[in-house]
Structure formats: structure tokens, C-alpha cells
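Tertiary structure, described
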Amino acid sequence: MTRLIIDTDPGVDDAFAIALAAREPGIDLLAVTTVAGNIGLDLTTRNALGVLALCDRPDVPVAAGAHRPFSRPVRGDTAHGVDGLGGAAAVLPEPSAQPDPRGAVQLMVDVLTASDEPVTIVAIGPLTNVALLLAAYPSVRQKIERLVIMGGGIAGGNITTAAEFNIWVDPEAARRVLVEEDVPTTLVPLDVTMRCSVGDDWLNRLARSGPVGSALAAITPHYRAWYAEFFGRDDFVMHDALAVAEVIQPGLLRTTPLRLEVDCSDGPSSGATLADRRGGVHQDPGRLVDVALDADPDTIRSFILERLT
Ligand code: RIB
Ligand code: CA
């Protein structure tokens, strides 16, 4: 049984990731914490509660965290629609639970402290909450099994040429976590997620699988249209679900240990994740991060669909 905390900005693909974890017998989902990203904090928090209600998991505490990045103004985009779930948040049940009044960082501290075994943290939004946790409560690091982070793009970005969205929103937080910390970390970047896209057939099989699959499929049309408009693709990517899939089956993604840097400038490459791949003695200082650069797309697609249905 893997104990898990998810930090998230739901978000269409976040919803798939949360559902994957909430319905997985091998995962003990201890908490969901929310951060502003795909949409504002009120809506990411409401959406997280709604997805857990859809999965009949009102037992999982949800707490809201950072409503904006450390030092930068709020930056966002429209991929996930006006409510964060493609304008279709109404397909989710009205949540019965209320957000935990402790807030994201205190909830994470309490869960980590109370657990008699290390806990995995999956971070699938901007890293503001995770950076705050590690900066303010360094003693909890020994209770973290590993961080599994969806973010970054070694070969390039999505929200800009250089930067992936989660890193771009709060580069300072990302640099703290990916460069200045030494908690065991697996990074799941665009380099692997963009290769594991899904399309009509996959989505139709999900929609026919039952009420959870039908609701998840119902929140995708706007996100799909965004992929068609911005990327000219008729498929789309459930980035965040790959991070949870890796927790369910470690090794599903093939990783390479790399030293990273995050561009915290305000220039055109702001938010870029740089990996030192020179090898030998010339590598930059800093700790190694296990970067998932490879996976088998059909295996990933089948794995996620089977778990969700
Ligand atoms: O770049 C993809 C990431 O940004 C995903 O986590 C998606 O939900 C958005 O937050
Ligand atoms: Ca996300």
C-alpha cells in the first residue's frame, strides 16, 4: 500500500490523476492539497472536492494552499476552461465535504508527521505549496518517500517555447524543489507525457465504462479543442495521470538521473528546465533528479484506461 498526498491545480488532467489515485486499491490517498494554476484557488479547491465526490471518496481531506506564486504575478492560460474543468464542472456531484481549515501546508505537515511510514507526494500543479512545505518544515523531509512531479520540458515547453506550464507559473518554487532540495524526486516532463497522448477511441471506451468514466470524458471537449487550436493535434495529453501511474507501478516510466537548473529570469526562457547532459566531470553542481524521458505509449494508455474503468 503506497501512502500518497496529491498537490494539484484541477484542471482536466488533474481530475484524471485524482480519480486514478482515489480508485486504486494499492494507494492510500491521505490528502489532496490545492494550488492556483490552471484556474484560481477557489475553483481548483472546489474541483478537487468534486472529483473526490465523483469517486465516492469524501473521506479524503482537501485543503487549499497558495493562491498565487511566491513572487510573480498570477499567470495562466485558457486550456482548462472558465471553471478549470472545460466549463463542465457541473457534471461532478455537489461535494458534501468542506475544505480542511488547516490549509495545504499544515495538512501536509500533519499527515506526514502522523504517518508511521514514509509518504509519496505527487505534485501536478505549480510547486508553490511543496516549496513552502520544504522551506518551513525541513524536518518532514525524512517522512517523504519521494516527490513525483509532473513538470518541465527538457526539449522545450508548452506554455512558451521554453517553459512547461507548472514550472513557468512559479519558477522560484520549482527551482527550490528541483535544484535546492535533496528529497528523492522523479520528474515527469513533457518529453514523456506528450508521447502518451490519447484520442477518440480511448475516450469513448472511458465514457462507456460507467459514471466516473462518463463524467471524466464529459470534461474533456474544451481541452481537446485547445489541443487542436494550439497544437494542431486531434489527440490530447493527460499529463498528470502519468505521475500517478508511476506511483501505482514504479518503473512504468523509464528515468535518467540528471542535474537540473530552472531559469528564474524574466527573459524569453523564463521557467525553462535545463538538464545537464554533458556527463563526465563537467557536470554542474547540485543533486540528481530521476527524469522520466521514456515510456511505452501503448502501455501507458492501456494502464491508465484499465485503472480508470
Ligand atoms: O503542462 C502540463 C501541466 O500544466 C499539467 O499539470 C496541467 O494540469 C497544467 O497544470
Ligand atoms: Ca495540473
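Below you will find a few notes about this structure. This one's a predicted model, so the numbers in the text were calculated from it and none came from an experiment.

Some points on helix α3 (residues 104–114)
- If you check which residues of α3 are buried, you get A104, V105, L107, M108, V109, V111 and L112.
- Looking at the packing, one finds that the buried side of α3 touches β1 (2–8), β2 (27–34), β3 (62–64), β4 (119–123), α4 (128–136) and β5 (144–150).

Brief notes about the site of ligand 1
- Inspection of the region around ligand 1 gives 13 residues, with D13, D14, N158, E164 and D240 positioned closest.
- A distance of 2.9 Å separates an oxygen atom of ligand 1 from a polar side-chain atom of N166.
- At 2.6 Å from an oxygen atom of ligand 1 is found a side-chain nitrogen or oxygen belonging to D240.
- Alone, ligand 1 offers 280 Å² of accessible surface; in the complex the protein occludes 97% of this.
- Broken down by secondary-structure element, the contributors of at least two residues to the shell around ligand 1 are α1 (12–22), α5 (165–169) and α11 (239–248).
- Split by residue class, the shell around ligand 1 holds three nonpolar, five polar and five charged.

Considering the environment of H239
- One can find H239 in helix α11.
- Accessibility expressed as a relative area gives 6% for H239, which makes it buried.
- For the pair formed by H239 and R175, sequence separation is 64 residues and the distance between their alpha carbons is 20 Å.
- Other than its neighbours up to four places away in sequence, H239 contacts D13, M150, L190, T193, M194, Y223 and Y227.
- For H239, the side chain forms a polar contact with the side chain of Y227, separated by 2.8 Å.

Describing the pattern of salt bridges
- Here the structure, examined in full by the defined rule, presents 21 salt bridges.
- Across the salt bridge formed by E261 and R175, the nearest N and O atoms sit 2.6 Å from each other. Here R175 lies in helix α6 (residues 171–178) and E261 lies in strand β7 (residues 254–262), a separation of 86 residues in the sequence.
- By relative accessible area, E261 is classed as partly exposed at 25%.
- Where D201 meets R205, a salt bridge forms, and the shortest distance between an N and an O atom there is 3.7 Å. Linking D201 with R205, this pair stays in helix α8 (residues 200–207), spanning four residues, or about one helical turn.
- Put simply, R141, R176, E181 and D182 are held in one network by salt bridges that share partners.

Looking at the sheet that holds β7
- The nine strands are arranged β3-β2-β1-β4-β5-β6-β9-β7-β8 in an open sheet whose pairing can be described as mixed. Of all strands in the sheet, those with a lone pairing partner are β3 and β8 (273–276), marking the two edges. Sheet twist, expressed as the mean angle between neighbouring strand axes with direction ignored, is 30°.
- The pairing of β7 with β8 spans four bridges and is antiparallel. By the bridge assignment, E261 is partnered in β8 with L274.
- With respect to the sheet, α3 is in contact with β1, β2, β3, β4 and β5, its orientation differing from that of β2 by roughly 155°.

About the criteria used
Residues numbered from 1 in each chain as written. Chains lettered and ligands numbered in written order. Predicted model: local features only at pLDDT ≥ 70, side-chain atom pairs only at ≥ 80, totals over all residues. Heavy atoms only, no water. Buried < 20%, exposed > 50% of the residue type's maximum accessible area, 1.4 Å probe, protein only. Helix = DSSP H or I, 4+ residues; strand = E, 2+ residues; numbered from the N terminus. Contact = heavy atoms within 4.5 Å. Near = heavy atom within 4 Å. Polar contact = N/O pair within 3.5 Å; in protein donor to acceptor, adjacent residues only side chain to side chain. Areas by Shrake-Rupley, 256 points an atom, 1.4 Å probe, with all protein chains shown as cover. Nonpolar A, V, L, I, M, F, W, Y, C, P; charged D, E, K, R; others polar. Salt bridge = Lys/Arg side-chain N within 4 Å of Asp/Glu carboxyl O. Pairing = 2+ DSSP bridges. Axes fitted to C-alpha atoms, helices over the stretch in contact; angles between N-to-C directions.

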